[in-house]
Amino acid sequence: MESGIGNYLFYLFGFIIIVSGILVVSLKDIFHCALMLVVCMFSVAALYVLLGADFIAAVQVLIYVGAVAVLMIFAIMLTARVSGAGIKQQNEQVPIALITTLVFVAVTLFGLGKTVWNVSTRTVPAEGTMKLGKLLLTTYVLPFEIVSVVLLVALIGAIVIARRT
Amino acid sequence: MHVGLIHYLSLAAILFAIGFFGVLTRRNAVGILMSIELMFNAVNINLVAFNRFVTPTDFTGQVFSIFTIVIAAAEVTVGLAIVLLIYRNFRDVFVDNINLMKW
């Protein structure tokens, strides 16, 4: 994606990500926030395609858009009577949080501008998914197994926590 | 202007800051979890961008971003279960009303 169209797509999806992200944290209705979160995550998946990470983009759509967003919407539906009009959705820390966030962005962007990155000129190989699968089952097989156990524990833990006793 | 590593890192920093702002200001516990998801996404953009621009043939960043996505899924599962349990006990999901353990 070294051509000019890739640049324009980056700016387009970056704009969508930032606008939908701001809407996620600022909209009154929490259900609309969940829908904006879906838009944001789709755009992040598009960025992964631009970066040559096709498998990560597919996983992003499957896990975040398919599972996490649906789970969020389920939770919003199950906790009714909290998203109507007139209920304050933000606490009294908005001004100080805004200042902190802007300082964080300024410091981070300043640091990014000062750093010299060791950028490689090569591109991502086309058969990336195959290499990724081989890496996951050879070099990274121990973290892979541990993280699957973590997922299983989280699954059982969620069932135990949310169960009616 | 050519889009390089710095553009992706700046975008990720801004998205992380947006999620940070949401965590600090949201009253709804589900909204806080959504903001945390935004922060996870920002970190993933960083990892994949480093993978693309610094070590394109090693795939280390992509492997780590898969682990991050799995951990995020586990986090949101347990988090929403806790939110549902809190709602069942308190009839409320606004975190500033749930101050039973504050003195």
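Whatever comes next refers back to the structure up there.
As the structure is a prediction and not an experimental result, all values here were calculated from the model.

The rules behind these values
- Residues numbered from 1 in each chain as written.
- Chains lettered and ligands numbered in written order.
- Predicted model: local features only at pLDDT ≥ 70, side-chain atom pairs only at ≥ 80, totals over all residues.
- Heavy atoms only, no water.
- Phe/Tyr/Trp six-rings, centres within 6.5 Å; stacked < 30°, edge-to-face > 60°.
- Helix = DSSP H or I, 4+ residues; strand = E, 2+ residues; numbered from the N terminus.
- Buried < 20%, exposed > 50% of the residue type's maximum accessible area, 1.4 Å probe, protein only.
- Lys NZ or Arg CZ within 6 Å of the ring centre and 35° of its normal.
- Contact = heavy atoms within 4.5 Å.
- Salt bridge = Lys/Arg side-chain N within 4 Å of Asp/Glu carboxyl O.
- Polar contact = N/O pair within 3.5 Å; in protein donor to acceptor, adjacent residues only side chain to side chain.
- Nonpolar A, V, L, I, M, F, W, Y, C, P; charged D, E, K, R; others polar.
- Expected span 1.5 Å × (residues − 1).

Attention now moves to the packing of aromatic side chains. Note on aromatic pairs: each is described by the distance of the centres and the angle between the planes. This model, assessed by the stated rule, comprises eight aromatic pairs over all chains. On the basis of an interplanar angle of 75° and a centroid distance of 6.4 Å, the ring pair of Phe64 of chain B and Phe67 of chain B is categorised as edge-to-face. Placement of both Phe64 of chain B and Phe67 of chain B in helix α3 (residues 60-90) is noted, with a separation of three residues, approximately one turn of the helix. Residue Phe67 of chain B is classed as buried on the basis of its relative accessible area, which comes to 12%. Clustering of aromatic rings is evident, with ring pairs tying together Phe10 and Tyr11 of chain A together with Tyr8 and Phe53 of chain B. One residue, Arg27 of chain B, lies across the ring of Phe94 of chain B, its end atom 4.4 Å from the ring centre. Residue placement shows Arg52 of chain B over the ring face of Phe53 of chain B; its charged tip is 4.8 Å from the ring centre.

Bringing the interface of chain A and chain B into the picture now. With 84 residues of chain A at the contact, the number on the chain B side is 73 residues. Our count for the chain A to chain B interface comes out at zero salt bridges. Counting the contacts that link chain A with chain B gives nine residue pairs in polar contact (both at pLDDT 80 or more). Contributing elements (two or more residues each) for the side of chain A that touches chain B: α1 (4-26), α2 (30-50), α3 (54-78), α4 (94-114), α5 (128-137) and α6 (141-162) of chain A. The element contributing the most residues to the side of chain A that touches chain B is α3 of chain A, with 12 residues. Partitioned by chemical class, the residues of the side of chain A that touches chain B number 58 nonpolar, 19 polar and seven charged.

The subject of this paragraph is α1 of chain A. An α-helical turn contains 3.6 residues, so a residue and the one three or four places further along point in the same direction. The first and last C-alpha atoms of α1 of chain A sit 34 Å apart over 23 residues, in line with the 33 Å expected at 1.5 Å per residue. Within the sequence span of α1 of chain A, burial applies to Gly6, Asn7, Phe10, Gly14, Ile17, Ser20, Gly21, Val24 and Val25 of chain A. Along its buried surface, α1 of chain A packs onto α2 of chain A together with α1 (5-25) and α2 (29-53) of chain B.

Glancing now at the environment of Val59 of chain A. Within the secondary structure layout, Val59 of chain A lies in helix α3. When its relative accessible area of 14% is taken as the criterion, Val59 of chain A is described as buried. Separated by 14 residues in the primary sequence, Val59 of chain A and Ala45 of chain A have C-alpha atoms spaced 8.6 Å apart. Those residues within four positions of Val59 of chain A in sequence are excluded, and the remaining contacts are Tyr64 of chain A together with Ile69 of chain B.

None of this, on its own, says anything about what the molecule does.
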